[in-house]
Amino acid sequence: MTLVAGVDSSTQSCKVMIRDAETGALVRTGRAAHPDGTEVDPRHWWDALQAALVEAGGLDGVAAIAVGGQQHGMVTLDADGHVVRDALLWNDTRSAGAAADLVSELGDGDPVRGAAAWAQAIGSVPVASFTLTKLRWLRDAEPDNAARVEAVALPHDWLTWRLGGYGPTGADSPRGPDLAALTTDRSDVSGTGYWSPFSESYRPDLLTMGFGREVGLPRVLGPCETAAEAGGRLLGPGAGDNAAAALGLGMSAGDVAISIGTSGVVSAISARPTADASGMVTGFADATGAYLPLACTLNASRVLDAAARILGVDHAGLSQLALSAPPGADGLVLIPYLEGERTPNKPDATGAIHGMRLANTTPAHLARAAVEGLLCAMADGLDALRAMGVPVERIQLIGGGAQSEAVRAIAPAVLGFDVMVPEPGEYVADGAARQAAWVLSAANGGDRTVPPTWSTSPTQTYRAAAAPWVRDQYAAARELTVARHAS
């Protein structure tokens, strides 16, 4: 049996799935935690990967490996391959002001014109999550660190580089600090702010605009191109987490995935790149050669965590409470901007509860409002995709939040579509493993145009009557939420 390994290096943890390259059958797994926070020393990702591999029984018999990782994170390297400063993660909003400045600058001082120009240039309007905005922040806030930067990588780029034997000179990096060996893939690089899905190339002018100068960037690999060979195994190009999940789910045109994890993501497969000047939809690439327009929120499963904590119940108790209240929670609305928000772009906003009356101030109503608020934010993203002409034929609900019975049962009423829920799985790591199998097959003369076919997980379909008034009352309350704190 030939084995392949897929890695999911997410915000919260590292997961490894080792599968049969031909059938996709699961052989063994491993997992290790990442530290909390919105800035992290990347060595913690490396240490977690090593621990997860040990738990998975190591890489004996593994012929290829690929890494799916959290998108946007800024990993800065000096000339000797050392990390210049802790990586800023996608959910670090300190660069919100830098994002606004960049949008305005490309429009010659007009943010509306700038947003349109950015959408035409890179398919997206930069927000605080994007790597380029973090580089602008670094340039202005930490000029000494900025001056040391020789190369910029994304989290999965850096891990692939380390797996290839590269890094600061030492026992665990025998190939040394060869920055030219850094690689990335089109799905992850499409979220940096300095790569265009229209030209399929870097935009050094935009990088210079953001950071003030050019720096080394990873080579962008094709979907089944080999990044390196190390330890007798091939390394795949890897992917951003959303693109890897799409590959793990076997998504094709017309499919939409709604992922409720640390972030909330509504993503779809498109045959052509998109450009949304409103900023609601980011025009990313996928891991197969197509495109992955998506809408991403900062707040998802942690909304459920917070509601459960407030009510003093576990997640099962939260579901039971939510399902005991009527649709619309008798007018109680929760706006879930607990950590600011990315979609819509309100990085300094806070969460809010609207419509409180004596009759709806019960634990059940609050639980229902939390679930509906989370799902309404996802529905806004779905509407934005449809407005861009992205086909929506089938919706799959995944992520940790999808394990909530209340989320599954209420989702069809809020979204207005039947919802399919696959068996719980590690779809990012599975997608990375499928990519590794594709790389292995291509290296041996196999088909380079489509990934190997693996069986997909069985699904359960949820149906409910549409409840448009839930969206209506949410929309009214959402517009009361300001973008910034009052001074």
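Above this text you will find the structure in question.
Right, let's walk through the structure included here. (Residues numbered from 1 in each chain as written. Predicted model: local features only at pLDDT ≥ 70, side-chain atom pairs only at ≥ 80, totals over all residues. Heavy atoms only, no water.)

### Points about the pattern of salt bridges
With the rule as written, the count across this model stands at 26 salt bridges. Here Asp92 makes a salt bridge to Arg94, at a shortest N to O gap of 2.8 Å. Exposure remark for Asp92: the relative accessible area of 3% places this residue in the buried category. Each of Glu39, Arg85, Asp92, Arg94 and Glu142 takes part in salt bridges that share partners, so that together they form one network. (Salt bridge = Lys/Arg side-chain N within 4 Å of Asp/Glu carboxyl O. Buried < 20%, exposed > 50% of the residue type's maximum accessible area, 1.4 Å probe, protein only.)

### Regarding the pairing of strand E3 (residues 26-33)
Summarising the sheet, strand E2 (residues 13-20) and E3 pair through seven bridges and their orientation is antiparallel. The residue of E3 that forms the bridge with Ser13 is Ala33. Connecting the antiparallel pair E2 and E3 is a turn made up of five residues, with Gly24 showing a positive phi of about 85 degrees. (Pairing = 2+ DSSP bridges. Helix = DSSP H or I, 4+ residues; strand = E, 2+ residues; numbered from the N terminus.)

### What about the environment of Pro126?
Mapped onto the fold, Pro126 is located in the loop between helix H3 (111-122) and helix H4 (131-141). C-alpha of Pro126 to C-alpha of Gly279: the two residues are 153 residues apart in sequence and 7.8 Å apart in space. Not counting residues up to four positions away in its chain, the partners in contact with Pro126 are Ala99, Val103, Trp118 and Thr133. (Contact = heavy atoms within 4.5 Å.)

### With respect to helix H9 (residues 241-249)
With seven of nine residues buried, H9 is to be regarded as a mostly interior element. Taken together, the buried positions of H9 are occupied by Asn242, Ala243, Ala244, Ala245, Ala246, Leu247 and Leu249.

### Quick look at the packing of helix H1 (residues 43-55) against helix H6 (residues 155-163)
Axis separation between H1 and H6 bottoms out at 10 Å; the angle between their running directions is 60 degrees. On the basis of the axis angle, H1 is oblique to H6. Handedness of the H1/H6 crossing: right-handed. On H6, the residues that touch Arg43, Trp45, Trp46 and Leu49 of H1 are Pro155, Trp158, Leu159, Arg162 and Leu163. Looking at the contact of H1 with H6 residue by residue, the classes come out as seven nonpolar, no polar and two charged. (Axes fitted to C-alpha atoms, helices over the stretch in contact; angles between N-to-C directions. Parallel < 35°, antiparallel > 145°, perpendicular 65-115°, else oblique. Left-handed = near helix turned anticlockwise from the far one by under 90°. Nonpolar A, V, L, I, M, F, W, Y, C, P; charged D, E, K, R; others polar.)

### Observations regarding the side chain of His365
By the element assignment, His365 lies in helix H12 (residues 363-387). Each residue touching His365, except ones within four places of it in the same chain, is listed here: Ala325, Pro326, Ala329, Asp330, Leu332, Ala359 and Asn360.

### As for unusual backbone geometry
Note: most residues except glycine have negative phi, and most peptide bonds are trans. At Asp108, a position not held by glycine, the phi torsion is positive, near 55 degrees. As for its position among the elements, Asp108 is in the loop between helix H2 (96-106) and H3. Positive phi values are uncommon outside glycine, yet Glu200 reaches one of about 55 degrees. The residue Glu200 is located in the loop between strand E10 (195-196) and strand E11 (201-202) in this model.

### Some thoughts on the packing of aromatic side chains
By convention here, two paired aromatic rings are described through the distance between centres and the angle between planes. Taken as a whole and assessed by the stated rule, the structure comprises four aromatic pairs. Between the aromatic rings of Phe130 and Phe284, the centroid separation amounts to 6.2 Å while the plane-to-plane angle is 45 degrees, which identifies the pairing as tilted. Placement of Phe130 in the loop between H3 and H4 and of Phe284 in strand E18 (residues 282-285) is noted, with a sequence separation of 154 residues between them. Like Phe284, Phe130 is buried. When the ring centre of Trp137 is taken as origin, the NZ or CZ atom of Arg94, which lies over that ring, is 5.0 Å away. Between the NZ or CZ atom of Arg162 and the centre of the ring of Trp46, over which it lies, the distance is 4.7 Å. (Phe/Tyr/Trp six-rings, centres within 6.5 Å; stacked < 30°, edge-to-face > 60°. Lys NZ or Arg CZ within 6 Å of the ring centre and 35° of its normal.)

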